[in-house]
Amino acid sequence: MLSTYLDLFLAFFIPNIIGYGGGPAIIPLIEAQVIGQYGWMNAQEFAEVLALGNALPSPIATKMAGYIGYQIAGLPGAGIAVFATVAPSLMLMISALSLLYKFRHSPRVKALSQWVLPVIAALMMILSAKLIHSGSSIGWPHFVILVAVSGLLLERLKCHPTLVIVAGLIYGALFLG
Amino acid sequence: MIPLVHQEVVQRYQWMDDDEFSNTLAIGNTLPGPIATKMAGYIGYKTGGIIGCLLAVIATVVPLVLVMILALTTLNKFKDLPWVAGMAKGVVPVVCWMMIKLTWDFMKKGQVAIGLVYSSVLIGLCLALILLAGINAGIIVATVLVFAALKPVSSKPGKAANP
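Everything quoted here is computed from the prediction, not taken from an experiment.

S.K.: Describe the overall build of chain A, and please don't skip the residues or the numbers.
M.R.: Looking only at helices and strands, chain A features eight helices and zero strands. Dimensions of chain A, computed from the C-alpha atoms along their principal axes, are close to 55 × 40 × 25 Å. Residue burial in chain A is summarised as follows: out of 177 residues, 53% are buried. Restricting the contact set of chain A to residue pairs at least 6 apart, pairs at least 24 apart contribute 58%. For chain A, the computed accessible surface area is about 7,300 Å², with 70% contributed by carbon and sulfur atoms.

Laid out in structure tokens, this is it:
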């Protein structure tokens, strides 16, 4: 059990300590740990977590950590995963505030969040391919319709992501059961 | 999220003024990880010490984590029902679209930030290292971060001298 806790800590500590580039950048980094490194979930399960995570407010990183931690090791697991997500950078911020204050407009810090963007794009590409592979198991006609309608609703009609996720759930309950 | 926090912290409770809030945000952004919890934790610490820090982080994190756990464990519990299994499947294509869109957004942002040539080479290199050489994604990201932090800063020579 202790080694599971340690694994959980590392699985969420690592993505968050290299997590530059904004909120969603963390998604493929968590996936690399949870699916790639530890094999705790498959793509379908990860997609379900992402779906609900995107349908609910507040940061995606802590929601994913809390749920995945719970799945692996119950409530203590959820606590450890959230702690690994939140605590390291927060403690650094509180303890090294005056040092960080000098860096707050530094071009080097800006370079961190800039150069990581293409790397995250590549990781997201790979994750998208995995999700497409898993999602297309419902048959290509259903899959293509759902992807196209999601795109239309989100980008053209500017629907809220929560509504589109709910629409996917309803479509699934009616036609994919 | 940040504008909402600003409204509560600066306008409603007046724990900080505008300048202090934007400095805290800038300092938070020098560190990795989610910004919302860094802001909550720091403002909580400043206003109410360790207890304040813990309470602010708990308030930010716990409610939605509980909703996630409840909703997903319920879903998993009833997965034997065909229509529940259908719901789980129906949501994957929606997530596929969201990830494709995010991929596209990050490609565009990367291109704007460091230029088409560098960003394309970096994407190609990452794909090759991960898919062909099986290198761990975390190691690649960490390497790029170290490179970005150490590379000479060309623009604004005045600031470049200041490490």
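S.K.: Before we move on, can you summarise the pattern of salt bridges with the specific residues and values?
M.R.: Where charged atoms of side chains with opposite charge meet at close range, the side chains can pair. A full pass over the atoms with the stated rule returns six salt bridges over all chains. For Glu-155 of chain A, the salt bridge identified is with Lys-101 of chain B, shortest N-O distance 3.5 Å. One end of the pair, Glu-155 of chain A, is in helix 7 (residues 140–156); the other, Lys-101 of chain B, is in helix 4 (residues 82–114), on a second chain. The class of Glu-155 of chain A is partly exposed, set by a relative accessible area of 24%. As a salt-bridge pair, Glu-8 of chain B and Arg-12 of chain B come within 2.9 Å of each other at their nearest N and O atoms. Of this pair, Glu-8 of chain B and Arg-12 of chain B both sit in helix 1 (residues 2–12), four residues apart, roughly one helical turn. Relative accessible area serves as the criterion here: at 31%, Glu-8 of chain B is assigned to the partly exposed category.

S.K.: Account for the packing of aromatic side chains, with residues named and values stated.
M.R.: Applying the stated rule across the entire model yields eight aromatic pairs over all chains. Here Trp-115 of chain A and Phe-147 of chain B contribute two aromatic rings whose centre-to-centre distance is 5.2 Å and whose plane-to-plane angle is 75°, an arrangement assigned as edge-to-face. Remark: Phe-147 of chain B occurs in helix 6 (residues 137–150) and Trp-115 of chain A occurs in helix 6 (residues 107–135); the pair is interchain, linking two chains. Each residue in the set Phe-9, Phe-13 and Phe-83 of chain A is aromatic and connected to the rest through ring pairs, giving one cluster. Here the basic side chain of Arg-104 of chain A rests over the ring of Tyr-101 of chain A, its NZ or CZ set 3.9 Å away from the ring centre. Between the NZ or CZ atom of Lys-109 of chain B and the centre of the ring of Phe-106 of chain B, over which it lies, the distance is 4.2 Å.

S.K.: I'd like a rundown of the interface of chain B and chain A, residues and numbers included.
M.R.: Interfaces are often sized by the accessible area lost when the parts come together. The interface is formed by 84 residues belonging to chain B together with 87 residues belonging to chain A. Summing both partners gives a buried area of about 8,000 Å² for chain B against chain A, and 81% of it is carried by carbon and sulfur. Put simply, chain B and chain A have two salt bridges between them. Lys-79 of chain B serves as the salt-bridge partner of Glu-48 of chain A, at 3.0 Å between the closest nitrogen and oxygen. Summed over the shared surface of chain B and chain A, the number is 14 residue pairs in polar contact (both at pLDDT 80 or more). Looking at the side of chain B that touches chain A, the elements with two or more residues in it are helix 2 (18–29), helix 3 (35–77), helix 4, helix 5 (116–132), helix 6 and helix 7 (157–160) of chain B. Within the side of chain B that touches chain A, the residues separate by chemical class into 59 nonpolar, 18 polar and seven charged.

Parameters and conventions
- Residues numbered from 1 in each chain as written.
- Chains lettered and ligands numbered in written order.
- Predicted model: local features only at pLDDT ≥ 70, side-chain atom pairs only at ≥ 80, totals over all residues.
- Heavy atoms only, no water.
- Helix = DSSP H or I, 4+ residues; strand = E, 2+ residues; numbered from the N terminus.
- Buried < 20%, exposed > 50% of the residue type's maximum accessible area, 1.4 Å probe, protein only.
- Contact = heavy atoms within 4.5 Å.
- Areas by Shrake-Rupley, 256 points an atom, 1.4 Å probe, with all protein chains shown as cover.
- Salt bridge = Lys/Arg side-chain N within 4 Å of Asp/Glu carboxyl O.
- Phe/Tyr/Trp six-rings, centres within 6.5 Å; stacked < 30°, edge-to-face > 60°.
- Lys NZ or Arg CZ within 6 Å of the ring centre and 35° of its normal.
- Buried area = accessible area lost by both parts, 1.4 Å probe.
- Polar contact = N/O pair within 3.5 Å; in protein donor to acceptor, adjacent residues only side chain to side chain.
- Nonpolar A, V, L, I, M, F, W, Y, C, P; charged D, E, K, R; others polar.

Interpretation in functional terms is not warranted from these geometric data alone.
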